[in-house]
Amino acid sequence: MRGHPILRLVVLICFLAIAGIPVYLITRDRPVGVLSSGKLPSKKIVSYEITMTSSTPAHLALAAVGQKPVESSSETESLIATYSMDAVKPEDLVVKARFVSPQKNAALRIQVQVAGKMIKDATLWGSESIEDVISIP
Amino acid sequence: MSPLFSVLIFIGLAPWVSAEPIKVASLSTVLSDIARNVGGDRVEVSEIIKPGSDPHLYEPTPGDIKKISSVQIVLASGLGFEPYLDKLRSSVEKSGVEFVVAGSAVKPIACAEEDHHDHSHSHDAADPHWWHSIANVEAVTLQLRDAFIAVDPDGRSDFQANARAFEDKLKVLAKWTRLQLAVLPKSQRILVTSHDALGYFARDYGFQVLPVQGISTSDQPSSQKVRNLIQEIKSLGVKAIFAENIENPKVLQQITVETGANLGGTLYADGLGIGDAGTYIGMMRSNVTTIVEALQ
């Protein structure tokens, strides 16, 4: 090969670079395609309006992971709270009611609305108290 | 002996004659526990599969077949959990043994699709680990109650009362489980386990399962699958991965080294353990406690 040694070196480097591009593209670390079961949850946040209604006066309490617990300061028949949670995977609600006058079939109704649309309506039954978890679909 | 005396002796012995327990052989430690709860003193359960053993690797021995031939009821999980079940059934056909297959009482879920491309095994497409859903165990409780009543109608009231009592315990367990898991954010409900046994639990409580092996403990993961799993554990920020009571946790330990996730403890995936995990309720409590402590 004739020509200036520097020029020959530049040509060789260019050739190696061009040849290396496909090798790099094939062997580079790529982010792993998350399995179909492992789709990252959407981070869209929406407001969930939660209404607890008791059939008789009770101390009511509501909690969810990452949300401020809400509790009635005295006996009441309803409690309303708004939680901002993920639109796709909202956290479970832990609901509690301690009835002032225990009776055989006291009821606690939990309604969850998003933008005025009812997405959950459940009723729990108890006598002295109720403590359970409500999953939001 | 006068006829009157004979009648009196017969009446006097009647309670003991009817109290002869139903002989049951169980191919599942979970079913053994349900049978004892529902059957009480009226049922005698022989455990063919013992707690702590791997039911995926079990094959009936001639001694087991002889034992099974001598019972009235055989309890099996079904849904392909016992690949030998059809052969066993034909082996003991002449003895008149009744097979009660729990899988027929539950609504099965499908195995993860990738499992069927990853290996060959004898399972059906359904996930056979139905007992990880408490609702399924309630259904099987009623199934065993009816099976026992069919063989021993005199025990109807006992079986009904026992089944109701066990259902009540299951309802308490279900509520306890919901309350325990409520502290885990949905984003952290990821179970990396030795094999794909917790699908029903995942469905009931909103978990995602990432198994190292397939639906059976005999399924071996490819190195590509392990590499993908390691990347996925890293990308999802999984805090802990779980071993199983019948497994060698060496592979999982290696994955923890590469991912930085902790080894979260031991889960009972294929049946009951020993000690506190020697009952269904104890096993579920142990699993839930282990999961919550590791992922919280």
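The structure displayed is predicted, hence computed values, not measured ones. (Residues numbered from 1 in each chain as written. Chains lettered and ligands numbered in written order. Predicted model: local features only at pLDDT ≥ 70, side-chain atom pairs only at ≥ 80, totals over all residues. Heavy atoms only, no water.)

A. Layout of the sheet that holds strand β5 (residues 190–193) of chain B. Residue and element names in this part refer to chain B. The 4 strands lie next to each other as β6-β5-β7-β8, forming an open sheet whose pairing is parallel. Every other strand in the sheet has two partners, leaving β6 (208–211) and β8 (262–267) as the edge strands with one partner each. Direction aside, neighbouring strands of the sheet carry axes that sit 30° apart on average. Looking at chain direction, β5 and β6 are connected through 4 bridges and run parallel. (Pairing = 2+ DSSP bridges. Helix = DSSP H or I, 4+ residues; strand = E, 2+ residues; numbered from the N terminus. Axes fitted to C-alpha atoms, helices over the stretch in contact; angles between N-to-C directions.)

B. Representation of unusual backbone geometry in the model. Here the phi dihedral of alanine 115 of chain A falls at roughly 50°; this positive angle occurs in a residue that is not glycine. Here alanine 115 of chain A shows up in the loop between β5 (106–114) and β6 (117–126). For alanine 115 of chain A, a relative accessible area of 81% corresponds to the exposed category. Positive phi, close to 60°, is recorded for leucine 79 of chain B, a residue that is not glycine. You can see leucine 79 of chain B is positioned in the loop between β3 (73–76) and α4 (85–91). (Buried < 20%, exposed > 50% of the residue type's maximum accessible area, 1.4 Å probe, protein only.)

C. Seen up close, the confidence of the model for chain B. Residue and element names in this part refer to chain B. Residues of chain B with pLDDT of at least 70 account for 86%, and the chain-wide mean is 88. Here residues 7–17 is modelled with pLDDT under 50, and outside its nearest four sequence neighbours on either side it reaches 1 contact, counting other chains as well. Residue range residues 114–124 is modelled with pLDDT below 50. Its contacts to residues more than four positions away, or to other chains, number 31 contacts. (pLDDT = per-residue confidence, 0-100. Contact = heavy atoms within 4.5 Å.)

D. Here's a closer look at the packing of aromatic side chains. All names here are of chain B. Inspection of the entire model under this criterion finds 6 aromatic pairs over all chains. Plain terms: the ring middles of phenylalanine 201 and phenylalanine 207 are 5.5 Å apart, the flat faces sit at 45° to each other, and that makes the pair tilted. A single burial state applies to phenylalanine 201 and to phenylalanine 207, both of which are buried. Among the aromatic residues, those joined into a ring-pair cluster are Phe81, Trp130 and Trp131. Residue placement shows arginine 285 over the ring face of tryptophan 176; its charged tip is 4.4 Å from the ring centre. (Phe/Tyr/Trp six-rings, centres within 6.5 Å; stacked < 30°, edge-to-face > 60°. Lys NZ or Arg CZ within 6 Å of the ring centre and 35° of its normal.)

E. Spatial organisation of helix α2 (residues 29–39) of chain B. All names here are of chain B. Buried residues dominate α2, accounting for 9 of its 11 residues. Within α2, burial applies to Thr29, Val30, Leu31, Ser32, Asp33, Ile34, Ala35, Val38 and Gly39. As for α2, its buried residues are in contact with β1 (22–26), β2 (43–47), β3, α6 (134–151), α7 (156–181) and α11 (280–295). Of the residues one or two after α2, glycine 40 is the one with positive phi, at around 55°.

F. Structural context of the pattern of salt bridges. Inspection of the entire model under this criterion finds 12 salt bridges over all chains. Where arginine 109 of chain A meets aspartate 121 of chain A, a salt bridge forms, and the shortest distance between an N and an O atom there is 2.7 Å. Of this pair, arginine 109 of chain A sits in strand β5 while aspartate 121 of chain A sits in strand β6, and the two are 12 residues apart along the sequence. Here arginine 42 of chain B ties to aspartate 158 of chain B by a salt bridge, and the two come within 3.1 Å at their closest N and O atoms. Residue arginine 42 of chain B is located in the loop between α2 and β2, and its partner aspartate 158 of chain B is located in helix α7; the two are separated by 116 residues in the primary sequence. Take arginine 42 of chain B: its relative accessible area is 17%, and that puts it in the buried class. (Salt bridge = Lys/Arg side-chain N within 4 Å of Asp/Glu carboxyl O.)

G. View of a nonpolar patch on the surface. Among the surface-exposed residues, Leu9, Leu12, Ile13, Phe15 and Leu16 of chain A lie close enough to one another that they form a single nonpolar patch of about 520 Å² accessible area. When you line up the elements, isoleucine 13 of chain A lands in helix α1 (residues 5–27). (Patch = residues over 30% accessible without salt bridge, like charges linked within 9 Å, V, L, I, M, F, W, Y side chains within 5 Å. Areas by Shrake-Rupley, 256 points an atom, 1.4 Å probe, with all protein chains shown as cover.)

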